[in-house]
Amino acid sequence: MPHLIRHRHATREHWRLLDAAALKDWRDGAFESGIQHAGVLIPLALWLEQPKEQRGAARGAFGVVLQGDDEPGALAADLDRIALIAIEFARFNDGRGYSIARLLRQRFGFRGELRAIGDVLRDQLFYLQRVGFDAFELRGDQDVAGALRAFGDFSETYQAAVDQPLPLFRRRIA
Amino acid sequence: MYRYDAIDQRMLDERVAQFRDQTQRFLAGLLSEDEFRPLRLQNGLYIQRYAPMLRIAVPYGMLASEQLRKLADVARRYDRGYGHFSTRTNLQLNWPRLEQVPDILAELASVQLHAIQTSGNCVRNITADHFAGVAPDEIVDPLVWCELLRQWSAFHPEFAYLPRKFKIGVSGSPADRAAVEIHDVGLQAVRGRGGAIGFRVLVGGGLGRTPIIGQIIREFLPWPHLLTYLEAILRVYNRYGRRDNIWRARIKILLKDRGIDAFRDEVEQDWTACGRDGPATLTAQEIERVGARFTLPDYRELPARCDTLERQLATSRAFALWYERNVHPHRVAGYAAVTLSLKRIGVPPGDVTSDQMEAIAALADRYSFGELRVTHEQNLVLANVERSDLHAVWREAHAAGLATPNIGLLTNIIACPGGDFCSLANARSIPIAQDIQRRFDDLDYLFDIGELDLNISGCMNSCGHHHIGHIGILGVDKHGSEHYQVSIGGSQGPRATLGKVIGPAFGADEVATAVERLIDCYLACRASDAERFIDTVRRIGIEPFKEYVYASPHPTPTRDPRALASA
């Protein structure tokens, strides 16, 4: 079961990524038992394929998954009924997810959980939390204790971002 | 010179600790080469042909004498006693040991130096006009803005994994000595109505495989919006720039694909929705605070004319030649800016030894308020020298091998390290530069040729800016051997132009002769002594040059351009 860091606390949770068939089962409440999962993740394209009323009626622990080339604006109308958005990093050095996160938080005002999934490594955590991620599903080989320390790499930051909306220059005492 | 406060210093120290931990994990096998690569690159560390290379930032080219002494010391203790200044005003050490790099960075941090974001797909070290703050033609002193950009770009969380590198250049003078038109973003500080400061923003310039001059995305951006507007540009690029092909990944390609108008619309839309007038909008208080942390030269009141200097110029021809090329006007009466040439014949362009660095630091302390500038032409500048001290500076610079009177002339060659060091290069640059310098070592001849930029790159990455050289030389691989393509007609500064290739590439031993023939042709064709090489190329085009250079058997130079053209 993968390590999940949420609000800087480590836990272990499995969220199941749904394909079209599994999504139907989940929707119909006919979901098979098996591996314990804390919730399900629905790819954006599948989510958008659901009729509007289905989307409105969705209940339970679910999140929508965005890829680097997805448009966060596509979720704008649904944001108040989605508790979790996961952004998948196909490669740790694909920086698109950073801007998507910032847009979701700052432009679209998303207040739910924003989770980094995929190739999520310790050495990117500090910047990821700055742009609005508050949960991180670490890649399997990552050292959790080390990852938790990474949030303290810097005690100050220059720029305005999501974790600190005021840039240093508005907080600095001359 | 901006002086760090306690917070700047703490963040820098934390960065060193972070990289020390990352390096240790890499050496212990806990971090893969792939995962370590962007981390080390964003700390200036390349793995090169023979050894790692550490690229140390000189933010917007400003260097204090104590920092240069530290660089001398580090180069001596951790490297081979010399360094190389690059066209982006960084200092490169060619032989450090990977496991010692964290120690080197800790040493550098003790004098507020670092190697942050000198490489990698992030916002790179900011470059600026090397006469910033002292040039008489300056409209806005860009230094405060450069420092604001340095702080904003350092550890920017959103833009550390861009599709490709991102370079910002800043100029406050219409002469544009910072080559802003060939940057991913070029900022030309200007004054609007009522004298308000703003920026003409250019985007999408760059050299490399696809050389393009930047286009204006905003004619006048009021200064409070500088950071938020740049973030909008970067966000659009970060999201839509190509990541599938390293050669198509710079912002210039995105701009080419979308067109400037569509790109501008996207930026404006993002800016309006996410940042404009937000907390990152700059404040007058912050401009004042940063300005106040700059140490400013305590100029004396001096007469504009210095009789001693006039006498010295009249009696020493060598001094007068140096004065003509290496001394530049200053906005304060009685002062001048001096270029210390790192282009002595026989020395790789931009290379400087630890001993020289110490001599230069001493010169800066004695004659120029302890400050230096690094130029994108790979020289150093003493920006605030009293005119009555120029002769003494010249003598001392001469003794240290730094007084070659060639600034703006053919032997002031810009060159990348090339195949001697760089693993990307197709061909060597340094021996070619040295060949050419030797061919033109006669000062009368060199001065007669007049202003000429000659730039050499060892490969298409164009670190030697060959596209914007009046004469540009590009190393290419031709059936496994080093060859050199020659172009003419490039130029830097406002309305920069890209050179055109004159014909088939030359072998390494033919390049100096080809340059000589270009010069012969120019001298025969120029309308007057005042017409520079680049002016002649613009007037008559490249054809006469091409015919002359490739003619066989080679004709004797003639003063009659018509005869020449039909030769």
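Remember, predicted model here, so these are calculated numbers, not experimental data. (Residues numbered from 1 in each chain as written. Chains lettered and ligands numbered in written order. Predicted model: local features only at pLDDT ≥ 70, side-chain atom pairs only at ≥ 80, totals over all residues.)

Moving on, we come to the overall build of chain B. Within chain B one finds 19 helices and 21 strands. Judged by the C-alpha coordinates and their principal axes, chain B covers about 65 × 55 × 55 Å. In chain B, which comprises 567 residues, the proportion classed as buried is 56%. Intrachain contacts of chain B at a sequence separation of at least 6 include 67% that bridge at least 24 residues. (Helix = DSSP H or I, 4+ residues; strand = E, 2+ residues; numbered from the N terminus. Buried ≥ 20, exposed ≤ 12 C-beta atoms within 10 Å, placed from the backbone. Contact = placed C-beta atoms within 7 Å.)

When its secondary structure is counted, chain A shows 7 helices and 8 strands. The C-alpha radius of gyration of chain A comes to 17 Å, within 12% of the 16 Å expected for a compact globule of 174 residues. The principal-axis extent of the C-alpha atoms belonging to chain A is close to 60 × 35 × 25 Å. A total of 174 residues make up chain A; the buried ones form 37% of that total. Looking at chain A alone, contacts between residues at least 24 apart form 51% of all its contacts between residues at least 6 apart. (Rg over C-alpha atoms; globule rule 2.2 N^0.38 Å.)

So, on to the packing of helix H6 (residues 226–240) of chain B against helix H8 (residues 260–273) of chain B. Residues and elements named next belong to chain B. At their nearest, the axes of H6 and H8 sit 8 Å apart, and the two run at 120 degrees to each other. The orientation of H6 relative to H8 falls into the category oblique. The handedness of the crossing between H6 and H8 is right-handed. Across the interface between the two elements, Thr228, Tyr229, Ala232, Ile233, Arg235 and Val236 of H6 pack against Glu266, Val267, Asp270 and Trp271 of H8. The class makeup of the residues in the contact of H6 with H8 is 6 nonpolar, 1 polar and 3 charged. (Axes fitted to C-alpha atoms, helices over the stretch in contact; angles between N-to-C directions. Parallel < 35°, antiparallel > 145°, perpendicular 65-115°, else oblique. Left-handed = near helix turned anticlockwise from the far one by under 90°. Nonpolar A, V, L, I, M, F, W, Y, C, P; charged D, E, K, R; others polar.)

Residue and element names in this part refer to chain B. Taken in spatial order, the 5 strands make up an open sheet running E1-E2-E5-E4-E13, and their pairing is antiparallel. Single-partner strands in this sheet number two, and they are strand E1 (45–47) and strand E13 (351–353). Across this sheet, the average inter-strand angle for adjacent strands is 30 degrees, counted without regard to direction. With 2 bridges joining them, strand E4 (residues 82–85) and strand E5 (residues 91–93) adopt antiparallel strand pairing. Within the sheet, the bridge partner assigned to Phe85 lies in E5 and is Leu91. The strands touched by helix H3 (residues 65–78) are strand E2 (52–56), E4 and E5; relative to E4, the strand with the most contacts, the crossing angle is about 125 degrees. (Pairing = 2+ DSSP bridges.)

On to the domain arrangement of chain B, then. Residue and element names in this part refer to chain B. You can read the domains of chain B as domain 1 (6–109), domain 2 (127–291), domain 3 (307–399) and domain 4 (414–565). Sorting elements by how many residues they give to the side of domain 1 that touches domain 3 places H3 first, with 7 residues. Broken down by class, the residue content of the side of domain 1 that touches domain 3 amounts to 10 nonpolar, 8 polar and 3 charged. (Domains from an automatic or database assignment.)

Attention now goes to the sheet that holds strand E9 (residues 197–203) of chain B. An order of E6-E7-E8-E9-E10 (chain B) is seen for the 5 strands of this open sheet, with the pairing classed as mixed. Every other strand in the sheet has two partners, leaving strand E6 (127–128) and strand E10 (215–222) of chain B as the edge strands with one partner each.

A common way to express how large an interface is: the accessible area buried when the components associate. Counting residues at the interface gives 30 residues for chain B, matched by 33 residues for chain A. Looking at the side of chain B that touches chain A, the elements with two or more residues in it are helix H1 (6–27), helix H2 (33–41), helix H5 (143–153), H6 and helix H9 (284–292) of chain B. Of the residues in the side of chain B that touches chain A, the class split is 15 nonpolar, 6 polar and 9 charged.

Below, the discussion takes up the nonpolar core. Counting residues in each nonpolar core, the largest one holds 211 residues, and the members touching the most others are Phe136(A), Val170(B), Ile233(B), Val338(B), Ile360(B), Leu382(B) and Leu518(B). The element that contributes the greatest number of residues to this core is H6(B), accounting for 9 residues. (Core = buried A, V, L, I, M, F, W, Y, C linked by C-beta atoms within 7 Å.)

The next subject is the environment of Ala160(A). One can find Ala160(A) in the loop between helix H6 (144–150) and helix H7 (168–171). Note on Ala160(A): 24 C-beta atoms within 10 Å, which makes it buried. Sequence-wise, Ala160(A) and Arg170(A) are 10 residues apart; in three dimensions their C-alpha atoms are separated by 9.3 Å. In contact with Ala160(A), other than residues within four places in its own chain, are Pro165(A), Leu166(A), Pro167(A), Gly278(B), Pro279(B) and Ala280(B).

On to the pairing of strand E12 (residues 335–340) of chain B. Residues and elements named next belong to chain B. With 6 of its 6 residues buried, E12 lies for the most part within the structure. Side chains of E12 alternate between two faces, with Tyr335, Ala337 and Thr339 and Ala336, Val338 and Leu340 buried alike. Direction of pairing for strand E11 (residues 327–328) relative to E12: antiparallel, over a ladder of 2 bridges. Its bridge partner lying in E12, Val327 is registered against Val338. Between E11 and E12, which pair antiparallel one after the other, the connecting turn spans 6 residues, and Gly334 there sits at a positive phi close to 90 degrees.

Residue and element names in this part refer to chain B. At a closest axis distance of 8 Å, the pairing of H3 and helix H12 (residues 354–367) adopts a crossing angle of 170 degrees. Classified by the angle between their axes, H3 and H12 sit roughly antiparallel to one another. Facing H3, whose interface residues are Ser65, Leu68, Arg69, Leu71, Ala72, Ala75 and Arg76, H12 presents Ser354, Met357, Glu358, Ile360, Ala361, Ala364 and Asp365. Across the contact of H3 with H12, the residue classes tally to 8 nonpolar, 2 polar and 4 charged.

Right, let's get into unusual backbone geometry. Both trends apply: most residues other than glycine have a negative phi, and most peptide bonds are in trans. Residues and elements named next belong to chain B. Positive phi values are uncommon outside glycine, yet Gln117 reaches one of about 55 degrees. As for its position among the elements, Gln117 is in the loop between helix H4 (101–109) and E6. Classification of Gln117 as buried rests on a count of 27 C-beta atoms within 10 Å.

Let us look at the confidence of the model for chain B. Per-chain confidence: chain B averages 95 in pLDDT, with 97% of residues scoring 70 or above. Across the interface, the model reports ipTM at 0.96; the global pTM reads 0.94. (pLDDT = per-residue confidence, 0-100.)

Attention now goes to the environment of Gly350(B). All names here are of chain B. By the secondary structure assignment, Gly350 is in the loop between E12 and E13. Placed 305 residues apart in sequence, Gly350 and Leu45 show a C-alpha to C-alpha distance of 19 Å. Not counting chain neighbours up to four residues away, the residues in contact with Gly350 comprise His84, Phe85, Ser86, Leu342 and Gln378.

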